[in-house]
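Summary of the model geometry
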Amino acid sequence: MAYRTFILSAVSALALSGCAVGPDRVSPSPPSPSATSGPFLSAQTDIVTANPLPQDWWRLYEDPVLDGLVADALGANTDILQAVARMDRARAALRGARSDRLPTVGLTASAAYSRTPDFETPPGADRTGTGISLGADVSYEVDLFGRVSGQISASRNDLAAAQADADAVRVMVVADTTLAYANAASAAARIDVARSIVALLDDSLRLTRRRHEVGMADGLAVARIQSLRDQRAATIPEIEAQRSAALFALATLTGRTPAELPAISGERSIPLEIAAPLPVGDGTQLLARRPDVRAAEQRLLADTDRIGVARADLYPRITLGGSVGSSASSVSNLFSGGPLGFILGPLIDWVFPNREPVFARIDAAKADARGSLAAFDGAILNALQETETALSRYAGAIERRRSLEQAMQAATKAARITRAQNREGVIDSLDLLDAERTLAETRAELADQDALVSSRQIDLFRALGGSWSAEQGTAS
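Summarised in this report is the structure supplied together with it. Please read all numbers here as calculations on a predicted model, not as lab measurements.

With respect to the overall build of the chain
Summing up its helical and strand segments, the chain has 11 helices and six strands in all. Long-range pairs, those at least 24 residues apart, make up 85% of the contacts in the chain with a sequence separation of at least 6.

What follows is the structure, encoded as structure tokens:
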């Protein structure tokens, strides 16, 4: 009869084990769906399109060297390796949470040799003896109120958040790698421009000196052109240092020392830029793609699960268990059947009536969930702000370069006319100096602006949360 009562109790507990007391799971939504699903405010220009951003956005540059460097960074960057390690730790925690669904089995064994005092030993009995015992315990928690399932769900969402964090690191590393490569290329282009300006000023300096020798120009004109030439030459070492710094950063990003970076990585001397309109998608695609938004969403879901885990402590914790054991004076008698004993039955653990610590844990879990909700809303707002800002800055950089290109054409034409007039003696050397200075400054500004446009493009891709081609894991 007792055995039958136990079976009925166990069946009843298992039938109710699917009932959880945690909060209803509701996926979070953007703070204002109508303001996050449409086109970007700053995308109303001819330099971007609403086409979806491709997965491997850096391939739009059509540079095989860059493709190889990005692949190296995805495989060897130390920040990515750290993020992957944190993801593996979250996966291990999920395995640990899942193990609570399985029965726990324990084995015990002991052997002892003892001697009893004379006054405790019955007449004729042996005062010394040996004792051997062997036992096994099995326990299984019936997840009647969702504590175990809630913890598993929270751990699963923690893993998804860690995966999203790793994705965010990859996005940053890819963008930083592309930017370092672009900075090195832009610096090389700026060096070429600076050297060509110096060569042009050398020609003007030689011409002015010859005119000075024949009395057609004074020494002040020679000195001023010499000063302008030296000023432009002085900018070259600084740009070369910037190029070196970009290459050193590129080496670190790809998991190399500076000496190990392939020479081909620094051979490009043309600014890295996509001439076609950039595909940027819309707000809905942005929020689905940004890993920081996905990570915030998963943390919110995990903290919501933990409210249910904490609330489950308000109810009894039911464990089904049993133990079997045997003890004897020798190994040969251990399994004879006589000393064998067993216990089967449910165990109820319930903290009552002092439940204030449980309510405190519930309130703490609710506070964590509110904080995670605010972080989720903030991640959405930050994603939109960063993207709109990057779009606006990119558009501004393009517009300024267009103006500089027009100024460059005008300055080139003015300098050509001024040189001819100076050779004919129509104008003096001061007018020539002004024209040369204007041309030099405009060319240098245009080269700097080309570098800025390249940087603004990459900043835009970074804000858009561009992805990569590496295989991604998923929480399960």
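Digging into the layout of surface pockets
If you add up the space inside the largest pocket, you get close to 310 Å³. In terms of lining residues, the largest pocket is bounded by 15 residues, among which Met-172, Arg-290, Glu-386, Arg-462 and Ala-463 are the most central. Secondary-structure elements contributing two or more residues to the lining of the largest pocket are helix H5 (147-213), helix H8 (291-312), helix H10 (356-423) and helix H11 (429-463). Tallied by class, residues from the lining of the largest pocket come to six nonpolar, two polar and seven charged. Reported here for the second largest pocket is a volume of approximately 220 Å³. Residue lining of the second largest pocket: Ala-83, Arg-86, Arg-89, Ala-90, Ala-93, Ser-155, Asp-158, Ala-161, Ala-162, Asp-165, Ala-166 and Arg-299, and that is the complete set. Looking at the lining of the second largest pocket, the elements with two or more residues in it are helix H4 (78-98) and H5. Per element, the largest residue contribution to the lining of the second largest pocket is six residues, and it comes from H5. The residue inventory of the lining of the second largest pocket, partitioned by class, reads six nonpolar, one polar and five charged.

Comments concerning the packing of aromatic side chains
Evaluation of the coordinates by the stated rule reveals four aromatic pairs. Geometrically, the ring pair formed by Trp-57 and Trp-58 is edge-to-face, given 6.1 Å between the ring centres and 85° between the ring planes. For the pair formed by Trp-57 and Trp-58, the shared burial category is buried. Plain terms: the ring middles of Trp-57 and Phe-461 are 4.7 Å apart, the flat faces sit at 20° to each other, and that makes the pair stacked. Of this pair, Trp-57 sits in the loop between strand E1 (48-49) and helix H3 (64-76) while Phe-461 sits in helix H11, placing them 404 residues apart in sequence. The exposure class assigned to Phe-461 is buried, which follows from its relative accessible area of 0%.

Examining the packing of H3 against H5
Close contact between H3 and H5 brings their axes to 10 Å; oriented N to C, the two are set at 140°. Between H3 and H5 the crossing geometry is right-handed. Between H3 and H5, the residues in contact are Val-65, Leu-66, Leu-69, Val-70, Ala-73 and Leu-74 and Arg-170, Val-173, Val-174, Thr-177, Thr-178 and Tyr-181, respectively.

A few points about a nonpolar patch on the surface
On the surface, Val-105, Leu-107 and Val-138 cluster together to form a nonpolar patch covering roughly 310 Å² of accessible area. Within the fold, Val-138 resides in strand E3 (residues 128-142). In this structure Val-138 comes out as partly exposed when scored by relative accessible area, which is 40%.

Details of the pattern of salt bridges
Enumeration according to the criterion identifies 31 salt bridges in this entry. A salt bridge links Arg-401 to Glu-273; the shortest N-O distance between them is 2.6 Å. Within this pair, whereas Arg-401 is found in helix H10, its partner Glu-273 is found in the loop between helix H6 (219-253) and strand E4 (278-279), the two being separated by 128 residues in sequence. Asp-292 serves as the salt-bridge partner of Arg-290, at 2.8 Å between the closest nitrogen and oxygen. Note on Arg-290: relative accessible area 4%, which makes it buried. Put simply, Glu-141, Arg-147, Asp-313, Arg-317 and Arg-361 are held in one network by salt bridges that share partners.

Here's the deal with the nonpolar core
Core analysis: the biggest nonpolar cluster contains 65 residues, and Trp-57, Tyr-61, Leu-460, Phe-461 and Leu-464 have the highest contact counts within it. Looking at this core, the elements with two or more residues in it are H3, H4, H5, H6, helix H7 (283-289), H8, H10 and H11. The element that contributes the greatest number of residues to this core is H5, accounting for 14 residues. Of all hydrophobic cores here, the second largest spans 11 residues; its members include Val-193, Leu-228, Ala-444 and Ala-447.

Digging into unusual backbone geometry
A positive phi angle is found at Glu-62, which is not glycine, with a value near 55°. Positionally, Glu-62 belongs in the loop between E1 and H3. Glu-62 gets classed as exposed once you look at its relative accessible area, which sits at 71%.

Brief notes about the environment of Val-280
Mapping Val-280 onto the fold places it in the loop between E4 and H7. Separated by 186 residues in sequence, Val-280 and Gly-466 have C-alpha atoms that sit 9.7 Å apart. Those residues in contact with Val-280 that lie beyond four places of it in its chain are Phe-40, Val-48, Thr-49, Asn-51, Arg-289, Leu-391, Leu-460 and Leu-464.

Here we look at the packing of H5 against H8
In contact at an axis separation of 8 Å, H5 and H8 are set at 165° when each is read in the N-to-C sense. Of the possible angle classes, the one that applies to H5 and H8 is roughly antiparallel. The chirality of how H5 crosses H8 is left-handed. Taken together, the residues of the contact of H5 with H8 break down into 12 nonpolar, five polar and eight charged.

Criteria and cut-off values
- Residues numbered from 1 in each chain as written.
- Predicted model: local features only at pLDDT ≥ 70, side-chain atom pairs only at ≥ 80, totals over all residues.
- Heavy atoms only, no water.
- Helix = DSSP H or I, 4+ residues; strand = E, 2+ residues; numbered from the N terminus.
- Contact = heavy atoms within 4.5 Å.
- 1 Å grid on protein atoms, 1.4 Å probe; cavity = no way out; pocket = protein on both sides within 12 Å on 5 of 7 lines; lining within 4 Å.
- Points joined across faces, edges and corners; volume = space filled by probe spheres on them.
- Nonpolar A, V, L, I, M, F, W, Y, C, P; charged D, E, K, R; others polar.
- Phe/Tyr/Trp six-rings, centres within 6.5 Å; stacked < 30°, edge-to-face > 60°.
- Buried < 20%, exposed > 50% of the residue type's maximum accessible area, 1.4 Å probe, protein only.
- Axes fitted to C-alpha atoms, helices over the stretch in contact; angles between N-to-C directions.
- Left-handed = near helix turned anticlockwise from the far one by under 90°.
- Patch = residues over 30% accessible without salt bridge, like charges linked within 9 Å, V, L, I, M, F, W, Y side chains within 5 Å.
- Areas by Shrake-Rupley, 256 points an atom, 1.4 Å probe, with all protein chains shown as cover.
- Salt bridge = Lys/Arg side-chain N within 4 Å of Asp/Glu carboxyl O.
- Core = buried A, V, L, I, M, F, W, Y, C linked by side-chain atoms within 4.5 Å.
- Parallel < 35°, antiparallel > 145°, perpendicular 65-115°, else oblique.

Just geometry here; none of it tells us what the structure is for.
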